Amino acid sequence: MKSKYLIFLLINFIFCIKEYKGEFAWRSIDQTQFSQMDTLLISPQEFYLGRENLYFGTNETIWWIYQFDQKLYLKPKFLVVLYSEIGSPQPVEIDLRVVEPEYQDGIHFLKQFYPPLEEGKYLLKIATTEEKVPFDQVEFFVLPQKEIQHISGPVNSIE
């Protein structure tokens, strides 16, 4: 009888855990000289952790990873929304994706990229498809390529 009760509590505990936490990691690549096939095949292997002072160039493809701090037992799907804060008093949704987590080396993560974006300020939010309330977000900036070369921060283009 006790074992059935413990199993019931364990299942309830697993289903009640809906608080996700993690870290963002970034990489940008200038793919303007790549062929269309190269653009589809090339995916960076090294990413750099960061949440602040994120600057990318207008001609760079922005790759990002969200690495979860815990294992994802129920294989939830996530909503990833990119907002632009260019010329509008409120952020404007410019991209919405449903993303399934990947698993490698004992770590669950989301991995996505954005092709070159217009100059401006952006906000990336992540939520579960069930809750639809963001549990994490990060802000980043896209600047003209000539300006990005003069910025020193945790994330810069690496060539």
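As a starting point, this report considers the structure included with it.

Reading the values: the criteria
Residues numbered from 1 in each chain as written. Predicted model: local features only at pLDDT ≥ 70, side-chain atom pairs only at ≥ 80, totals over all residues. Heavy atoms only, no water. Helix = DSSP H or I, 4+ residues; strand = E, 2+ residues; numbered from the N terminus. Contact = heavy atoms within 4.5 Å. Areas by Shrake-Rupley, 256 points an atom, 1.4 Å probe, with all protein chains shown as cover. Core = buried A, V, L, I, M, F, W, Y, C linked by side-chain atoms within 4.5 Å. Buried < 20%, exposed > 50% of the residue type's maximum accessible area, 1.4 Å probe, protein only. Phe/Tyr/Trp six-rings, centres within 6.5 Å; stacked < 30°, edge-to-face > 60°. Pairing = 2+ DSSP bridges. Axes fitted to C-alpha atoms, helices over the stretch in contact; angles between N-to-C directions. Polar contact = N/O pair within 3.5 Å; in protein donor to acceptor, adjacent residues only side chain to side chain. Salt bridge = Lys/Arg side-chain N within 4 Å of Asp/Glu carboxyl O.

## Details of the overall build of the chain
Link 1 in the chain: Per the secondary structure count, the chain includes 3 helices and 10 strands.
Link 2 in the chain: The linear arrangement of helices and strands in the chain, starting from the amino end, is α-β-α-β-β-β-β-β-β-β-β-β-α.
Link 3 in the chain: A separation threshold of at least 6 residues defines the contact pool for the chain, and within that pool the share at least 24 residues apart is 68%.
Link 4 in the chain: Carbon and sulfur atoms make up 55% of the accessible area of the chain, which totals about 10200 Å².

## A closer look at the nonpolar core
Link 1 in the chain: W26, W64, L110, L124 and F140 are the most contacted members of the largest nonpolar core, which totals 23 residues.
Link 2 in the chain: Sorting the residues of this core by element identifies β1 (22-30), β4 (60-68), β5 (78-84), β8 (107-114), β9 (120-128) and β10 (136-143) as the ones contributing at least two each.
Link 3 in the chain: Not counting residues up to four positions away in its chain, the partners in contact with W64 are F24, A25, W26, F47, V80, L110, K111, Q112, Y114, L124 and I126.
Link 4 in the chain: Counting residues in hydrophobic clusters, the runner-up holds 6 residues, among them I29, F47, W63 and F109.

## With respect to the packing of aromatic side chains
Link 1 in the chain: Under the defined criterion, the tally for this structure stands at 17 aromatic pairs.
Link 2 in the chain: Measuring from ring centre to ring centre gives 5.0 Å for F68 and F78, while their planes differ by 35 degrees; the resulting arrangement is tilted. Within this pair, whereas F68 is found in strand β4, its partner F78 is found in strand β5, the two being separated by 10 residues in sequence.
Link 3 in the chain: Three or more aromatic residues link up through ring pairs in this structure, and these residues are Y20, F24, W26, F56, W64, Y66, F68, F78, Y122, F135 and F140.

## Here's the deal with the sheet that holds strand β3 (residues 55-57)
Link 1 in the chain: The 5 strands lie next to each other as β3-β10-β9-β5-β6, forming an open sheet whose pairing is mixed. Looking at strand neighbours, the two that pair on one side only are β3 and β6 (92-99), the edges of this open sheet. Across the sheet, the mean angle separating the axes of adjacent strands is 25 degrees when strand polarity is ignored.

## A closer look at the sheet that holds strand β2 (residues 48-49)
Link 1 in the chain: One open sheet accounts for 5 strands, arranged β2-β1-β4-β8-β7; its pairing is antiparallel. Since the sheet does not close on itself, it has two edges, and those belong to β2 and β7 (102-104), each with one partner.
Link 2 in the chain: Two strands pair when backbone bridges link them, and β7 and β8 are joined in this way by 3 bridges, in the antiparallel orientation. From the neighbouring strand, Y103 faces β8, where its bridge partner is H108.

## Remarks on the side chain of S28
Link 1 in the chain: Here S28 is to be found in strand β1.
Link 2 in the chain: Of the residues examined, S28 reaches a relative accessible area of 2% and is grouped as buried.
Link 3 in the chain: Polar contacts involving the side chain of S28 include one to the side chain of E60, which spans 3.3 Å.

## With respect to the pattern of salt bridges
Link 1 in the chain: In the structure shown here, the tally under the stated rule is 7 salt bridges.
Link 2 in the chain: For R97, the salt bridge identified is with D95, shortest N-O distance 2.7 Å.
Link 3 in the chain: The salt bridge partner of E139 is K121, with a shortest N-O separation of 3.2 Å. Highlighted residues: E139 in strand β10 and K121 in strand β9, separated in sequence by 18 residues.
Link 4 in the chain: Owing to a relative accessible area of 32%, E139 belongs among the partly exposed residues under this scheme.
Link 5 in the chain: The exposure class of K121 is partly exposed, given its relative accessible area of 28%.

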